[in-house]
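Each chain, written out:
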Amino acid sequence: MKTLVVPPLVTALLLAASVGAGQQPPVLTPRDSAFHALNRLAYGPRPGEVERVAQEGVMRWIDRQLAPDQIADGDRAAREREFRVLHYDRGDLAQLYLDAQRERRERKADTTADQTPGPVEQQGRRLAGQLAELAVVRATISERQLYEVMVDFWTNHFNVFLGKGADRFLLPDYVEHVIRPHALGRFEDLLIATAESPAMLFYLDNWESVALGLNENYARELLELHTLGVDGGYTQQDVINVARIFTGWSIKRPRQGGDFEFHESVHDEGEKQVLGVGFQASHGMDEGIRLLKLLANQPATMHHVSQQLCERFVSDDPPDGCVDDAVAAWRRSHGDLRQVLRAIFTSPDFWAPGTLGGKVKTPLEFVVSAARAVGADPDTNPRLAQLVARLGEPLYLHVAPDGYPEKQDAWVNSGALLDRMNAAVALAAGNVPGLVVHLDSIVSPTADADRLVAALDERILGGTLSPNTRKVLREQLADVGDPLQARALAVGLAIGGPEFQRQ
Amino acid sequence: MIISRRVFVKSGGLALVSFGLDPLFLARAAFATNRLSGYPPNRPVLVCLFQRGAVDGLNMIVPHGDALYYRERPRIAVPATDVIDLDGYFGLHPRLAPLKQWWDAKSLAAIHAIGSPDASRSHFDAQDYMEAGTPGVKATPDGWLNRYCQHDRQHADTPFRAVAFGPQLPRILAGSAPSLAIDDLQAFGLRAPRLQPAARDRLTRAFEQLYAGSATGLLSSSSQEAFHAVQMLQQLDLAEYRPANDAAYPRGRFGKAMLEIAQLIKADVGVQLAFADVTGWDTHVNQGASEGLLATRLGEFGQALAAFAQDLGEKLRDVVVLTMSEFGRTVRENGNSGTDHGHATAMLVLGGPVNGGTVLGRWPGLDPAQRFEGRDVQVTTDFRDLFAEILARHLGARDLSAVFPGFTPDPGRFPGAIRG
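Residues numbered from 1 in each chain as written. Chains lettered and ligands numbered in written order. Predicted model: local features only at pLDDT ≥ 70, side-chain atom pairs only at ≥ 80, totals over all residues.

A.B. asks: Is there a simple way to explain the overall build of chain B in this structure?
C.D. replies: Of regular secondary structure, chain B possesses 12 helices and 14 strands. Long-range pairs, those at least 24 residues apart, make up 75% of the contacts in chain B between residues at least 6 apart in sequence. (Helix = DSSP H or I, 4+ residues; strand = E, 2+ residues; numbered from the N terminus. Contact = placed C-beta atoms within 7 Å.)

Next comes the structure, spelled out in structure tokens:
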């Protein structure tokens, strides 16, 4: 029997939560809490990490994760430098895109020429592949795990589709300079940064919206998805007035990857009202900034975004308690995301027994957690990103502005499950070309079934291995004599099996 | 090769299927085949296609007989000389020309001014309502196709009863009745390139046992559906499929999905419901007229539908294809030669049982006084009236109020899409 040594803060909260109901506090060992925190705030444990976090104390580890700048992250920084896509700015990428288009046109026009893509086109494809792989690599190897989780969260919340025209060259800059700097900052700053980003202005058509030719696309999604939520109490007239406020928010020379630019001459100068708040005539760009600050601090926005955060960290259908805790922290801290997250991680709902293992991993979470479990050391080769895509979540390629879904219904289906099993077997067998895995970090090669199963349970499954899985693994290993084969089979089955799909 | 029919009953998310050692599974199919017998070959089939992003119904089924249409869309109206006339007032977008022969054969009909009684112009809400089948109600946990499956157990004898093509199971099929999501028919199953078939089968069985014994909830039911389907597909020779009657599917995701739907229908594995998405309809900017953005999308769409009908040949007798989209687009073009989110749109029905060759539904006209909120085509047919008619008259559904809760189906309001 494991001893009950729950972190003091957690114990206090659990006791406080259960006093009213007259229940016994749930039994969470330090290892259970560490495994849970690593599954939610991080992309799953690497072999040995559960012990390390348990030893450090899970709340101390969480506090460190909330201050990512203080966490040394040299391996990630070194690996990032190998990604050439980071060496290009918007302008360089725009030029590359134009050159590739020209090369392609010339190739198509000359029917006698070799029709394989030319060097510039190939370079463009390589960079696009690198972009997706970079996200997966950071998630896999960064020590700042919570930060990377939040980058993925905001990338979906403020989704931009890479396949839409200029966004092919605007998106890398959007990830680096809009999403990442604000991922654990203040919501208001993040909201304003996305509103002014050429990538978003292009994606939701606002760059072309002018007083005499209104385009409502951005205005509607700003209210519905980015801030208030669909039930946030706005009207069609509010949508139109928001669109009027953002007329003239545009891009300087978009085809050259230009910056944000406000075009006074096409801005709607009239008076407007949004949510009953008046916007005086002729305040130009200030109207938009004022509106974004207004929206960022609306109770509906706090509730909508907190609800989504709780769906990500607590449960597909989160209890009101943790959402209320997050909203209260938001109000107290004026939208400091670290405070909001801390409130969620200290909410009794986060540590409730039903929460543990209660969520199914998204394809990105599955692939990254699997890569971490097998000690993979991914490089710029887009192999892992391709796996994520194959499982249904090609990064930056969600067409609609709502981003990839968080809930299990969207991801658990028969075809996707088979693909996860395939991915698991390939990863464990070292059959993902170009990807080095270190199964030694789980267990040294052995055909001893008991030793294998015990190591998997401890180092990959956090002690959640079920009696049935133990039985099936033993049966499968019974007549495999080769230690390397036995280990690869066991790891593949464990990662493709039902326990590992949960977090 | 005859595959045994297995009872595939599920209640409350638990499939009551035993996964013992099945000799059929370990024995490789002795003869590859294109068909499995065991299911009635004339089972009625419904194929639902979702045009995600809100298709511009006015440029798909064009009211070319209306001067207002041309006045409101100076840059993006399809010129009357390009429209393929259907009845003197409406016509097909020129890129839908491959569908004209089915119209002439009375196997294709359009329903205009159809949509949701809910006024939302949000893609996500409107798609959600259309797939849940409950406009205005978000809390509906399942989709209407799935609810139909829950209430008609008669056809629940195969894992292929309801199949969605794509990496994710769509909302319309979400729910407690089993359904499959297939992204790539040929690759469906465990792949182990370096393993012999026997080793692959063994791996499949190991995973099957892992999930049968250790999985809970959705992971459990989905995995059971998966392994049963893998077993059946092993009996089919999928790689050798050639479309019949020189049917030419367009390249791309949608064409591939339509080809695989035809392939499964012809294999007689018991498909009753198939679903696929076709994207790219959110034409806010430069949507074009006879040529351009929307024309390209319609071209692929029409070519895939025509190839599907061609490929099915005789089989089209039992099949109805229904297209849907969450709402239509503004009557007037916007400042960027595109259209914004509107209200009513047009839907198509194609197949043997279809009462084809007419534009169905009451046309409210484009006059501003007749428009919804002064800007959009008014909805005169609730989408549930069309969906309910197809379920009742084509699939023989009896309990429509269970499929569309809160809605009283009235045959008097059915648009008349299925021949009596």
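A.B. asks: I would appreciate a short explanation of the domain arrangement of chain A in the present structure.
C.D. replies: Accessible area lost on assembly of the parts is the figure often given for the size of an interface. Residues and elements named next belong to chain A. We note that the domain assignment places domain 1 (8–65) and domain 2 (363–501) within chain A. Inter-centroid distance (C-alpha atoms) of domain 1 to domain 2 is 24 Å. The interface of domain 1 with domain 2 comprises nine residues on the first partner and 11 residues on the second. In terms of residue class, the side of domain 1 that touches domain 2 is made up of five nonpolar, two polar and two charged. (Domains from an automatic or database assignment. Nonpolar A, V, L, I, M, F, W, Y, C, P; charged D, E, K, R; others polar.)

A.B. asks: How do you make sense of the interface of chain B and chain A when you look at a structure like this?
C.D. replies: In this complex, chain B contributes 40 residues to the contact, which on the side of chain A involves 41 residues. Mapped onto the side of chain B that touches chain A, the elements with two or more residues apiece are helix H5 (123–132), strand E9 (180–182), helix H7 (197–214) and helix H8 (217–233) of chain B. A total of eight residues in the side of chain B that touches chain A trace back to one element, the largest contributor, which is H7(B).

A.B. asks: Honestly, the pairing of strand E10 (residues 273–279) of chain B in this entry has me stumped. Any pointers?
C.D. replies: Two faces make up the sheet, and in a regular strand the side chains alternate between them. Residue and element names in this part refer to chain B. Of all the seven residues making up E10, five are buried; the element is thus mostly covered by neighbouring parts of the structure. Pairing between strand E3 (residues 45–52) and E10: seven bridges, direction parallel. Each bridged residue has a counterpart across the sheet, and for Gln51 the counterpart in E10 is Val278. Two elements, strand E8 (residues 162–165) and E10, share four bridges in a ladder whose sense is parallel. Paired with Ala164 across the strands is Phe275, a residue of E10. (Buried ≥ 20, exposed ≤ 12 C-beta atoms within 10 Å, placed from the backbone. Pairing = 2+ DSSP bridges.)

A.B. asks: Explain the environment of Val349(B) to me, please; I cannot follow it from the model alone.
C.D. replies: Residue and element names in this part refer to chain B. Inspection of the secondary structure puts Val349 in strand E12 (residues 345–351). Residues Val349 and Gln209 lie 140 residues apart in sequence; the distance between their C-alpha atoms is 43 Å. Once residues lying within four places of it in the same chain are set aside, the contact partners of Val349 are Ala109, Val320, Val321, Leu322, Val354 and Ala417.

A.B. asks: Looking at this structure, I do not really get the sheet that holds strand E5 (residues 84–85) of chain B. What am I missing?
C.D. replies: All names here are of chain B. The antiparallel open sheet is built from three strands, whose spatial order is E4-E6-E5. The sheet terminates laterally at strand E4 (61–62) and E5, the two strands that pair on one side only. Looking at chain direction, E4 and strand E6 (residues 91–92) are connected through two bridges and run antiparallel. Looking at E6, one finds that Val62 is bridged to Gly91.

A.B. asks: Could you clarify how one ought to interpret the confidence of the model for chain A in this entry?
C.D. replies: Regions with low pLDDT carry predicted coordinates that are not meant to be interpreted in detail. Across chain A, pLDDT averages 92, with 95% of residues at or above 70. Here residues 1–6 of chain A is a poorly scored stretch, pLDDT under 50, and it has 10 contacts once near neighbours within four places are set aside; other chains count. (pLDDT = per-residue confidence, 0-100.)

A.B. asks: Is there a simple way to think about the environment of Ala346(B) in this case?
C.D. replies: All names here are of chain B. Along the polypeptide, Ala346 turns up in strand E12. Residue Ala346 is classed as buried on the basis of its C-beta count, with 27 C-beta atoms lying within 10 Å. Distance in space between the C-alpha atoms of Ala346 and Arg393 is 21 Å, their sequence separation being 47 residues. If near-sequence neighbours (up to four positions away) are discounted, Ala346 is found in contact with Gly57, Met60, Ile61, Ala110, Ile111, His112 and Ile114.

A.B. asks: How should the pairing of E8(B) be read in this particular structure?
C.D. replies: Residue and element names in this part refer to chain B. Residues Ala162 and Ala164 line one face of E8 and the alternating positions Val163 and Phe165 line the opposite face, and both faces are buried. Pairing geometry for E8 and E9, over three bridges, is parallel. Residue pairing across strands places Phe165 opposite Ile182, the latter belonging to E9.

A.B. asks: What's the story with the nonpolar core in this structure? I'm lost.
C.D. replies: A general tendency of soluble globular proteins is for nonpolar side chains to be buried together. Within the largest apolar cluster, 284 residues are counted, with the highest numbers of intra-cluster contacts made by Ala326(A), Ile344(A), Val367(A), Leu456(A) and Met258(B). There are two domains that each give this core at least three residues, and those are domain 1 (8–65) and domain 2 (363–501) of chain A. Setting aside residues up to four positions removed in sequence, Met258(B) forms contacts with Tyr249(B), Ala276(B), Ala304(B), Ala307(B) and Phe308(B). (Core = buried A, V, L, I, M, F, W, Y, C linked by C-beta atoms within 7 Å.)

A.B. asks: How do you make sense of helix H9 (residues 167–182) of chain A when you look at a structure like this?
C.D. replies: Every α-helix winds through 3.6 residues per turn, so residues three or four apart in the chain are directed the same way. Residue and element names in this part refer to chain A. The sharpest bend along H9 comes to roughly 45°, located at Tyr174. Taken together, the buried positions of H9 are Arg168, Phe169, Leu170, Leu171, Pro172, Tyr174, Val175, Val178, Ile179 and His182. Residues of H9 that are buried in the fold lie against helix H6 (90–109), helix H7 (119–141), helix H8 (145–157), helix H10 (187–195) and helix H11 (198–203). (Bend = angle between axes of the 7 residues up to and from the residue.)

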